[in-house]
Structure formats: C-alpha cells, structure tokens
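The residues making up each chain are set out below.
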Amino acid sequence: MHPVVSTVLQRLGLGLLTLFMVSVIIFSSIALLPGDFGQQVLGQTALPETVEAFRRELGLDKPAWLRYIDWIAAVLQGDLGTSFSGRASSGADESRSVWELIAPRLSNTLFLASFTALIAVPLSLFLGITAALKRNSIYDRSVNAMTLTTISFPEFFLAYVLIVALAGTFPTLSNVTNDMGLWERIYKIALPSLTMTLVIVAHMMRMTRAALINLLASPYIEMAQLKGASRGRVIIKHALPNAWAPIATVIAFNLAYLVVGVVVVEVVFVYPGIGQLMVDSVSSRDIPVAQGCALIFAATYILLNLLADVIGIVTNPRLLHPR
C-alpha cells in the first residue's frame, strides 16, 4: 500500500476514535450538569411521584451507561433523539425531533461561517503575500501590529467593541429569518461576520507570511532572483506554489475554529444559529438537543482537522515520492 494511502487511513481511524471519545465526554458532561429537567419543568411544588413518572417517561431513570448506549446507537442510525421541550404540558406527541430543531439553525451557522470565510481567506492571503513582499517595512509592521492586536482579544470583547463603534451603521441584533433576501441577511450578519474575520485573519495572514519568508531563503529562489526575476514574480511563481501546504493546513484549521467558535458570537448578537440553540438547550436542560449540537460541533471540528492533516500528507514530497 502506498505510504500516502496508509497514512490517510490511519488518520481517519484516529479521527473516528477521537469522535467516539468526544461523544463520551459530551454525554458525561451534560449528564453532570446541576439541576434536574423534570423538577425544573414541573416546578418545586410537584410531588416526587409526579417527577419520577415524568423522568421515567423521558428515560432519565435509566443508568447513565445504558442511556449512553441507547443514544450512541441511535446516532449511528442518524437519529439524534427527540427534544424534551413541549412534553411537560402537551405530551410526547407535541415534541419535535432534534434534527428538526437543529437543521434551520445549522443552516444559519453555515451561512455565517461561509460568508466569513469568503472574506477572511482572500484577505489573509493578500495581507500575508504583500507583507512578505515588503518585509520589515512600515506596511509589514503595521499589518503585524494590527493582527496581533485583534488576535489578543477574545471574540466577545471584539464583538462589544464593534457594537459600540458601528451601532449606527449595522444592526446589533442579527435576528435573521428564512423569508429574508440574500442582501438583507448579509446586512444583518455584518457585525458577527466582521468579528470572526478579525479573529481568524491574523492566524492565516501570519502563517502565509512566515511560509513565504522561509522559502525566500531557499537556493532556487536566490537563483531566480539572480536571473533578474522581479520580487513579485519570484513569490507568486516560485515561492507561493511551494508554500501552499502549510497555508492550506492553517486555513483548514481556522475554518474548523470558525465553525466551532461561532457560539460566543451568536450569543452576543442573538444570532439564531446552532451555537445559540446549544446555549438555550443547556439553560433549559433539554439534554437531547444539547448533546446533538455538541456532537455536530465536535464532528465538524474533527472532520476539518482531518482535512488539514490530509492536505499536509498529500502535499508532502517524502510521502508522494518514497525511495
């Protein structure tokens, strides 16, 4: 078997093992949350017998290990369970499946992440390439100082700064709906998208700059310069193609962070995404929804990290051309 194929298969196996371990952590963490859903819904005045019957109806009276097996077996069949919301007053017939609740929220989150990536990735590549072209110049130092400043602050702090600075220009509440047009949705998500852009551009820009600067010291780059090629041509034609591996890897890592890191931003801007749904479900002790949201975040993060690993593997000349 080719070394690239065997290495990729090994990474995929480790990814599945990691996802299994993360699912155990997710289930255990949510199971250890303080409070009881049955007691919270029925109130403090509910009789113990009523609370116990309600817990039995939801399956919360089973041992934790048995509930985990039931949950993971259903997940493997594509079923994330049924939401607890609506059962207390209307019965189980009024409850909704977790997928039904997550699907529109996941669509909103992916829209926000995709729009942010469309801005952040080209911008970071442009800043990284131009900063490498003008190394140690005022422009290079200004870009580095700006990116270091934005990366030093947490997302929620940047979000509140942007709210104060741009409250009169863009809406501070990103309450999008399905009947909105494309441009109206883009206008609504301007501030959360800008917040995430400022956070992830710094990582990608600095990696692009560092990768190009390291390659500029290579002998073949010096030979191209001695032949009279311009600095821009040397970087674009000779250095950049050989720098794609680390750049693509850091882009994949930051896209993974982008999808998972929207939780804080969604809460700040009250954006109806899966991050906001997870926070609301944890607050209301809606266990199946919280577990489903956390598992989707974990699977997305692991998948994009695997993609970054695969990109690094298939672009490694030592693996592509073994002796």
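Scoring rules and cut-offs
Residues numbered from 1 in each chain as written. Predicted model: local features only at pLDDT ≥ 70, side-chain atom pairs only at ≥ 80, totals over all residues. Heavy atoms only, no water. Helix = DSSP H or I, 4+ residues; strand = E, 2+ residues; numbered from the N terminus. Buried < 20%, exposed > 50% of the residue type's maximum accessible area, 1.4 Å probe, protein only. Contact = heavy atoms within 4.5 Å. Areas by Shrake-Rupley, 256 points an atom, 1.4 Å probe, with all protein chains shown as cover. Salt bridge = Lys/Arg side-chain N within 4 Å of Asp/Glu carboxyl O. Lys, Arg positive; Asp, Glu negative; His and termini not counted. Patch = residues over 30% accessible without salt bridge, like charges linked within 9 Å, V, L, I, M, F, W, Y side chains within 5 Å. Core = buried A, V, L, I, M, F, W, Y, C linked by side-chain atoms within 4.5 Å. 1 Å grid on protein atoms, 1.4 Å probe; cavity = no way out; pocket = protein on both sides within 12 Å on 5 of 7 lines; lining within 4 Å. Points joined across faces, edges and corners; volume = space filled by probe spheres on them. Nonpolar A, V, L, I, M, F, W, Y, C, P; charged D, E, K, R; others polar. pLDDT = per-residue confidence, 0-100. Axes fitted to C-alpha atoms, helices over the stretch in contact; angles between N-to-C directions. Parallel < 35°, antiparallel > 145°, perpendicular 65-115°, else oblique. Left-handed = near helix turned anticlockwise from the far one by under 90°. Phe/Tyr/Trp six-rings, centres within 6.5 Å; stacked < 30°, edge-to-face > 60°.

(A) Spatial organisation of the overall build of the protein. Scanning the protein for helices and strands turns up 16 helices and zero strands. Burial status across the protein gives 42% buried among its 323 residues. When contacts within the protein are restricted to residue pairs at least 6 apart in sequence, long-range pairs at least 24 apart make up 72% of them. Looking at the protein as shown, the accessible area adds up to about 17,100 Å², and 66% of this sits on carbon and sulfur atoms.

(B) Summary view of the pattern of salt bridges. One pass over the structure, following the stated rule, counts one salt bridge. A salt bridge links Arg 209 to Asp 140, with the nearest nitrogen and oxygen atoms 2.8 Å apart. Taken together, the positions of Arg 209 in helix α10 (residues 190–216) and Asp 140 in helix α7 (residues 138–152) put the pair 69 residues apart, joining distant regions of the chain. When sorted by exposure, Arg 209 lands in the same class as Asp 140, which is buried.

(C) A look at the side chain of Lys 188. Mapped onto the elements, Lys 188 comes out in helix α9 (residues 182–188). Buried and without a salt bridge, Lys 188 has Glu 184 as its closest oppositely charged side chain, separated by 5.6 Å.

(D) Molecular detail of a nonpolar patch on the surface. A contiguous nonpolar surface patch, about 530 Å² in accessible area, is contributed by Phe 153, Phe 156, Phe 157, Tyr 160, Val 161 and Val 264. It is helix α8 (residues 155–166) that contributes the most residues to the nonpolar patch, four residues altogether. Relative to the helices and strands, Tyr 160 resides in helix α8.

(E) The arrangement of the nonpolar core in detail. Counting 77 residues, the largest nonpolar core has Leu 80, Ile 102, Met 204, Leu 212, Ile 251, Phe 269 and Cys 293 as the members making the most contacts within it. When residues of this core are assigned to their parent elements, the largest contribution, 14 residues, is made by helix α6 (residues 98–133). Not counting chain neighbours up to four residues away, the residues in contact with Met 204 comprise Ala 120, Val 121, Ser 124, Val 250, Ile 251 and Asn 254.

(F) Region of the structure containing the layout of surface pockets. A volume near 400 Å³ is recorded for the largest pocket. Around the largest pocket sit 18 residues that line it, and Leu 58, Arg 67, Asp 70, Trp 71 and Pro 288 are the ones nearest its centre. For the lining of the largest pocket, the secondary structure elements donating two or more residues are α4 (64–76) and α15 (287–314). For the lining of the largest pocket, the element with the most residues is α4, which contributes four residues. Of the residues belonging to the lining of the largest pocket, the class tally is nine nonpolar, four polar and five charged. By volume, the second largest pocket amounts to about 290 Å³. Here the lining of the second largest pocket gets four residues from one element, more than from any other, and that element is helix α1 (residues 3–31).

(G) How the structure looks around the environment of Tyr 187. Looking at where Tyr 187 falls in the secondary structure, it is placed in helix α9. On the basis of relative accessible area, Tyr 187 is assigned to the partly exposed category, the value being 42%. Once the C-alpha coordinates of Tyr 187 and Val 176 are considered, the two residues, 11 residues apart in sequence, prove to be 9.8 Å apart. Sequence-distant contacts of Tyr 187, that is, excluding residues within four places in its chain, are made with Thr 169, Phe 170 and Pro 171.

(H) Inspection of the confidence of the model for the protein at higher detail. Considering every residue of the protein, the mean pLDDT works out to 80; 88% of them sit at 70 or more. The least confident element of the protein is helix α5 (residues 87–90), whose mean pLDDT is 50; the most confident is α9, at 89. Low pLDDT, under 50, characterises residues 89–93; the stretch is placed with three contacts to residues that sit more than four places away or in other chains.

(I) Looking closely at the packing of α6 against α15. Between α6 and α15, whose axes approach to 10 Å, the crossing angle comes to 45°. Between α6 and α15, the crossing angle belongs to the class labelled oblique. Two packed elements cross with a definite hand, and for α6 against α15 that hand is right-handed. Contact residues: α6 offers Val 98, Trp 99, Leu 101, Ile 102 and Leu 106, while α15 offers Pro 288, Val 289, Gly 292, Cys 293 and Ile 296. When its residues are assigned to classes, the contact of α6 with α15 shows nine nonpolar, one polar and no charged.

(J) Representation of the packing of aromatic side chains within the structure. For the structure on display, the rule yields five aromatic pairs. When the ring of Phe 27 is compared with that of Tyr 68, the centres are 5.5 Å apart and the planes differ by 70°; the resulting orientation is edge-to-face. Of this pair, Phe 27 sits in helix α1 while Tyr 68 sits in helix α4, and the two are 41 residues apart along the sequence. Note on Phe 27: relative accessible area 6%, which makes it buried. When the ring of Phe 170 is compared with that of Tyr 187, the centres are 6.0 Å apart and the planes differ by 50°; the resulting orientation is tilted. Here Phe 170, found in the loop between α8 and α9, pairs with Tyr 187, found in helix α9; they are 17 residues apart in sequence, far enough to count as distant.

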